[in-house]
Amino acid sequence: MEDCLAKKMEITVSEAEKRTGRNAMNIQETYTAYLIETRAVESQSEGQCAPVESLWRRYSEFELLRNYLSVTYSHIVVPPLPEKRADFVWHKLSADNMDPDFVERRRIGLENFLLRVASHPVLCQDKIFYAFLMQEGGWKEMVNETGFQLKADSRLKALNATFRVKNPDKRFTELKHYSDELQSVISHLLRVRARVADRLYGVYKVHGNYGRVFSEWSAIEKEMGDGLQSAGHHMDVYAASIDDILEEEEHYADQLKEYLFYAEALRAVCRKHELMQYDLEMAAQDLTSKKQQCEELATGTVRTFSLKGMTSKLFGQETPEQREAKIKVLEEQIQEGEEQLKSKNLEGRDFVKSAWADIERFKEQKNHDLKEALISYAVMQISMCKKGIQVWTNAKECFSKM
């Protein structure tokens, strides 16, 4: 971790800007660009700061970077991006992806994504990631030249592997079930939070009615008027405070959402392992089949019904020369198949070792982050309750002076 990029460079997404341009179809569109600023941390310089480098990136470029990392480092739980459009929000909050509050939260999320990658012991060393931070022009071409799209596994192939793997690794099967359950639990938690936020919004805003009533009442009272007016003022302030409080709460919700999306990153690692296991089993099956064919040709016996066997009966047996030629080809294919099987076995063992090390790292990070997020959320709720108690304490004092 001492060599990770986050230790050597300050990385911030400092600004978001609404822009208008034309897309690949030459259709005018409105989008948001984000200003990435980086500065080297000079360990030996005293009193001098390194210059700040800056460039603009669109959300789609962040997506391209993450897709590249996910394909290139399939054994790693790649940090997720913040949501493209708001979900699990309380109804008074805009779900528009151009809403300033949402754009601000997404800016924070994109900065967090970059810091996650820069802190990862493997991802931080990637040249494409470094170029994303430092090289504005020609970066997309650099990514596409890696040919990472060709390495991406198709969804159909992944689905096929899921259902046809004969000997799945129990650890990855359990991890896949865990990721499903984690996503389900956090989704439910976010829905509950949104409902609670809606009710809190209503309770706070109704206190504004107290303010209006106390103010109107104060107008017809002489001795009680000042106390009622002051109590009404406290109620108005209380009612107005909920907007800022719930917008602040959305930042805690975003911390939970990050792990909602991390669940999919976990499943991606599991799917890749299933694909590798499926390829290994198919290679072993193909090798066994070729060995059987070679044995049948060598001994002249056919163990199972085959089209080839029927053909030889109908049109005559092969000559010794033809049989020898086929045996030679099969022996070469068997040798090649054994090498491929050995290579796939070694690749699979390396993948499991690397993936499990990264999964353990992720678990430690997850436990720490979710603990901090839940504590912060509880502290905020306590603070809200204390504000309510203070408002009614102040109101009580106002009533006592009447």
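Values in this document were obtained by computation on a predicted structure and should not be read as measured data. (Residues numbered from 1 in each chain as written. Predicted model: local features only at pLDDT ≥ 70, side-chain atom pairs only at ≥ 80, totals over all residues. Heavy atoms only, no water.)

**Q** I tried to follow the pattern of salt bridges on my own but got confused; where do I start?
**A** Between side chains of opposite charge, a pair can form as their charged atoms come close. According to the stated counting rule, one finds 25 salt bridges in the structure shown. A salt bridge links Asp358 to Arg361; its shortest N-O distance comes to 3.0 Å. Of the two residues, Asp358 and Arg361 are both situated in helix α11 (residues 320–400); the distance of three residues between them amounts to about one turn of the helix. Beyond isolated ion pairs, a larger network of salt bridges with shared partners links Glu83, Arg105, Arg193, Glu249, Glu250, Asp254 and Lys257. (Salt bridge = Lys/Arg side-chain N within 4 Å of Asp/Glu carboxyl O. Helix = DSSP H or I, 4+ residues; strand = E, 2+ residues; numbered from the N terminus.)

**Q** Honestly, the packing of helix α3 (residues 100–119) against helix α9 (residues 225–299) in this entry has me stumped. Any pointers?
**A** Helix packing geometry: the angle between the two helix axes and the distance between the axes. Running from N to C, α3 and α9 cross one another at 45°; their axes reach a closest spacing of 11 Å. By the criterion of interaxial angle, the relationship of α3 to α9 is oblique. For the pair α3 and α9, the sense of crossing is right-handed. Two secondary-structure elements touch here, α3 through Asp101, Arg105, Ile108, Asn112 and Arg116 and α9 through Glu247, Glu250, His251, Asp254, Lys257, Glu258, Tyr259 and Tyr262. Grouping the amino acids of the contact of α3 with α9 by side-chain chemistry returns three nonpolar, two polar and eight charged. (Axes fitted to C-alpha atoms, helices over the stretch in contact; angles between N-to-C directions. Parallel < 35°, antiparallel > 145°, perpendicular 65-115°, else oblique. Left-handed = near helix turned anticlockwise from the far one by under 90°. Contact = heavy atoms within 4.5 Å. Nonpolar A, V, L, I, M, F, W, Y, C, P; charged D, E, K, R; others polar.)

**Q** Would you mind showing me how to read a negative patch on the surface here?
**A** Taken together, the side chains of Glu321, Glu324, Glu331 and Glu332 present a region of like negative charge at the surface. Looking at the secondary structure, you find Glu331 in helix α11. (Patch = residues over 30% accessible without salt bridge, like charges linked within 9 Å, V, L, I, M, F, W, Y side chains within 5 Å. Areas by Shrake-Rupley, 256 points an atom, 1.4 Å probe, with all protein chains shown as cover. Lys, Arg positive; Asp, Glu negative; His and termini not counted. Charge placed at Lys NZ, Arg CZ, Asp CG, Glu CD.)

**Q** Whenever I open this one, helix α2 (residues 59–72) confuses me. Can you help?
**A** In an α-helix, one full turn covers 3.6 residues, which means residues spaced three or four apart are oriented alike. Helix length check: α2 (14 residues) gives 20 Å between terminal C-alpha atoms against 20 Å at 1.5 Å per residue, within 8%. Residues of α2 that are buried include every one of Tyr59, Glu61, Phe62, Leu64, Leu65, Arg66, Tyr68 and Leu69, and no others. (Expected span 1.5 Å × (residues − 1). Buried < 20%, exposed > 50% of the residue type's maximum accessible area, 1.4 Å probe, protein only.)

**Q** Where do I start with the side chain of Arg66 in this structure?
**A** Its place among the elements puts Arg66 in helix α2. Buried and unpaired, Arg66 has no salt bridge, with Glu264 as the nearest side chain of opposite charge at 7.6 Å. Looking at Arg66, its side chain comes within polar contact range of the main-chain oxygen of Pro79, at 2.7 Å. Apart from residues no more than four positions distant in its own chain, Arg66 is found in contact with Val78, Pro79, Pro80, Leu81, Phe113 and Ala265. (Polar contact = N/O pair within 3.5 Å; in protein donor to acceptor, adjacent residues only side chain to side chain.)

**Q** It is not clear to me how the sheet that holds strand β2 (residues 28–40) should be interpreted in this structure. Could you clarify?
**A** Across a sheet, strands are paired by hydrogen bonds formed along the backbone, either parallel or antiparallel in direction. Taken in spatial order, the three strands make up an open sheet running β1-β2-β3, and their pairing is antiparallel. The open sheet has two edge strands with one neighbour each: β1 (9–22) and β3 (53–58). Between one strand axis and the next, the sheet turns by 25° as a mean value, whatever way the strands run. Bridge count for β2 against β3 is six bridges, and the pairing is antiparallel. Looking at the pairing, Ala33 lines up with Arg58 of β3. Packed onto the sheet, α2 meets β2 and β3 and runs at close to 90° relative to β3. Most of the contacts of α3 go to β1, to which it runs at about 135°, and overall it touches β1 and β2. (Pairing = 2+ DSSP bridges.)

**Q** Explanation requested: the nonpolar core in the structure shown.
**A** The tendency in soluble globular proteins is for nonpolar side chains to be buried side by side. Among the nonpolar cores identified, the biggest contains 34 residues, and Phe62, Leu65, Leu114 and Leu133 are the most heavily contacted of them. Among the elements of the structure, β1, β2, α2, α3, α4 (127–134) and α5 (139–145) are those that each provide at least two residues to this core. Excluding residues within four positions of it along the chain, Leu133 makes contact with Leu5, Met9, Ile11, Ile36, Thr38, Leu55 and Leu114. Ranked by size, the runner-up nonpolar core spans 23 residues in total, among them Leu175, Ala265, Ile359 and Phe362. (Core = buried A, V, L, I, M, F, W, Y, C linked by side-chain atoms within 4.5 Å.)

**Q** When you look at the environment of Ala298 in this model, what are you seeing that I'm missing?
**A** Summarising the element assignment, Ala298 is placed in helix α9. Taking the C-alpha atoms as reference points, Ala298 and Lys326, separated by 28 residues in sequence, lie 9.8 Å from one another.

**Q** Would you take a moment to explain the packing of aromatic side chains for this structure?
**A** Ring pairs (aromatic) are described by centroid distance and by the angle formed between their planes. This structure, assessed with the given rule, holds twelve aromatic pairs. Ring geometry for Tyr262 against Phe362: centres 4.9 Å apart, planes inclined by 55°, an arrangement best described as tilted. You can see Tyr262 sitting in helix α9 and its partner Phe362 sitting in helix α11, a full 100 residues away along the chain. With respect to burial, Tyr262 and Phe362 carry one shared label: buried. One aromatic cluster in this structure is built from Phe62, Phe113, Phe132 and Trp139. Between the NZ or CZ atom of Arg171 and the centre of the ring of Trp356, over which it lies, the distance is 5.1 Å. (Phe/Tyr/Trp six-rings, centres within 6.5 Å; stacked < 30°, edge-to-face > 60°. Lys NZ or Arg CZ within 6 Å of the ring centre and 35° of its normal.)

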